[in-house]
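Observations on the three-dimensional arrangement
Here are the chains, one letter per residue:
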Amino acid sequence: LGWMLAQTNTTKKVNGLQKGGLVAGVGAQVWPPEREERVFELLGETEAHLLEHQKAVFGDFFESLTGGAFGRWKQCEWAFRADCTYVRVLEDRLDAGERTDLTALYLGGTDVVGHRFWAAHDPHAAGLAQDCEEVRNFGHVIEDYYAWTDRALGRILARFPAETTVFVVSDHGMTLHPNLRGKVLTQEDLDGFTGHHVKREPGIFLAAGPGIASATPAPAGGWTPEAVPTLGALYDFCPTLLALLAL
């Protein structure tokens, strides 16, 4: 394992860098220990520019939010901070020339905004008018964050050789909470989690590069969600990864 950037902590030593949630003034939070100072430095830089980052991704609409809408937005800031820090730490290590057999990066912000703003993202399913305040405020948030995630992955992949094998995996999908379908949504509903995966909505497992068989050629007009072939399941990720690593 080269390094892991995740939201969980462990006391187990790994052969690389492992970082979970960080608390100022507490030692032994990053492995190896000599990387801890640099990780905190990058976290501090992210914190200092967090507002600027949010405006670059979403615009400045959130500065005028109030009440429960403002509360939901504030609930997301930890995820924006975490994702930015994880990307910065990884870019920093790659720019320093550090390479390993496996690099893993977890970005959780898409999940966080999905839970809180799904009704605005899919107003038809939620029974919301396109011009209602919820959609005007938050209808763009999920797509904006996926666009930022895509750009971040592009920057990271640009630092790897062209022959690198790449996986993009999600542990679940997201949809409107089934309890909200067919209901006239109240403000209390909107201020809760409108996006959910209580029925095990399927995630994705995308793979490309050496060791990965070519898929069916794309249709002339490009793929539609209905036309994308299902070639396996999320359960195939771990054995595929272990086989490629000859483990």
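This part takes up the confidence of the model for the protein chain. Confidence in the prediction for the protein chain averages 88 pLDDT; 91% of positions are at 70 or higher. Confidence over residues 1–11 falls short of pLDDT 50; this stretch has 46 contacts with residues more than four positions distant or in other chains.

Let's shift gears to the pattern of salt bridges. This structure, assessed with the given rule, holds 15 salt bridges. We note a salt bridge from Arg35 to Glu98, for which the minimum N-O separation is 3.6 Å. Taken as a pair, Arg35 in the loop between β3 (30–31) and α1 (36–48) and Glu98 in the loop between α3 (67–95) and β4 (103–105) lie far apart in primary sequence, 63 residues in all. Classification of Glu98 as partly exposed rests on a relative accessible area of 27%. Counted as one network, the salt bridges with shared partners bring together Arg35, Arg38, Glu41, Asp92, Arg93 and Glu98.

Moving on, we get to helix α2 (residues 50–58). In an α-helix, one turn spans 3.6 residues, which is why side chains three or four residues apart end up on the same side. Restricting attention to buried positions, one finds in α2 the residues Leu50, His53, Gln54, Val57 and Phe58. Angularly, the buried residues of α2 cover 105 degrees about the axis, an arc narrow enough to put them on a single face. Pointing more than 90 degrees away from the buried face of α2 are the exposed residues Glu52 and Ala56. One or two positions beyond α2, positive phi appears at Gly59, with a value near 85 degrees.

About the cut-offs
Residues numbered from 1 in each chain as written. Predicted model: local features only at pLDDT ≥ 70, side-chain atom pairs only at ≥ 80, totals over all residues. Heavy atoms only, no water. pLDDT = per-residue confidence, 0-100. Contact = heavy atoms within 4.5 Å. Salt bridge = Lys/Arg side-chain N within 4 Å of Asp/Glu carboxyl O. Helix = DSSP H or I, 4+ residues; strand = E, 2+ residues; numbered from the N terminus. Buried < 20%, exposed > 50% of the residue type's maximum accessible area, 1.4 Å probe, protein only. Arc of directions from axis to C-beta.

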